[in-house]
Amino acid sequence: MTLRQYFIWMIVATALCWLGWLSVIWMIDPAEAGLLGFFLFYAALCLALIGTFSVAGLGFRALARRQEPVSRHAATSFRQGVLLTVLMAGSLAMQSRSLLTWWNLMLFIITVTVLEFFLISFRSRR
């Protein structure tokens, strides 16, 4: 698969995930759906956010670092997209349970940042 095909498929898949998330919002009543409704909401949201952050990160890196091959940035963009999604979806889940406070959010951000630094250092050792 070429990088262009990867980019196009990621955009198409992300658009479908956003449509799936919107259909969950429009068609599922959270009071009646129970656990399945919340699972569908968070699953569709996470997939849509991963795709959005990955595509945006790859596009930004391609424009900012034109001298480097874009294929080097695909894995980094995907990894950081997953970490940003964990941060956003985790914050949303904590807020839904009334657990999100400023210090709790700061600890969560620090944890995700330390995880990113660990992944960077792990990759540089290989």
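Just so it is clear, the structure is predicted and the values come from calculations on it, not from any experiment. (Residues numbered from 1 in each chain as written. Predicted model: local features only at pLDDT ≥ 70, side-chain atom pairs only at ≥ 80, totals over all residues. Heavy atoms only, no water.)

### A short note on the side chain of Arg79
The line we're drawing: By definition, any uninterrupted DSSP run of H or I lasting at least four residues is a helix, any uninterrupted run of E lasting at least two residues is a strand, and each is numbered from the N terminus. Categorising residues by exposure relies on relative accessible area from a 1.4 Å probe, with only protein chains included: less than 20% of the type maximum marks a residue as buried, more than 50% marks it as exposed, and the intermediate range marks it as partly exposed. Distance and chemistry together define a polar contact, namely a pair of N or O atoms within 3.5 Å, with one atom able to donate a hydrogen and the other to accept it when in protein, and with adjacent residues in sequence counting only for side-chain atoms on both sides. The contact criterion used throughout is that any non-hydrogen atoms of two residues lie within 4.5 Å.
Inspection of the secondary structure puts Arg79 in helix H4 (residues 74-96). With relative accessibility at 19%, the residue Arg79 sits in the buried group. One polar contact links Arg79 to Glu116, side chain to side chain, over a distance of 2.8 Å. In contact with Arg79, not counting residues within four places along its chain, are Glu116, Leu119, Ile120 and Arg123.

### Things to note about helix H1 (residues 3-27)
Let me state the cut-off plainly: The span one expects for a helix is its residue count, reduced by one, times 1.5 Å.
With 25 residues, H1 should cover 36 Å at 1.5 Å per step; its first-to-last C-alpha distance of 36 Å lies within 8% of that length. Taken as a whole, H1 has its buried residues at Met10, Thr14, Trp21 and Val24. Buried residues along H1 sit in contact with helix H3 (35-64).

### A closer look at the nonpolar core
Operational definition: Definition of nonpolar core: a set of buried residues of the types Ala, Val, Leu, Ile, Met, Phe, Trp, Tyr and Cys, connected through side-chain atoms within 4.5 Å.
Counting residues in each nonpolar core, the largest one holds six residues, listed as Trp21, Val24, Phe41, Ala44, Leu45 and Leu49. For this core, the elements supplying multiple residues, two or more each, are H1 and H3. With four residues, the top contributor of residues to this core is H3. Judged by nonpolar contacts, the second largest core, of five residues, contains Leu83, Leu87, Phe108 and Val112.

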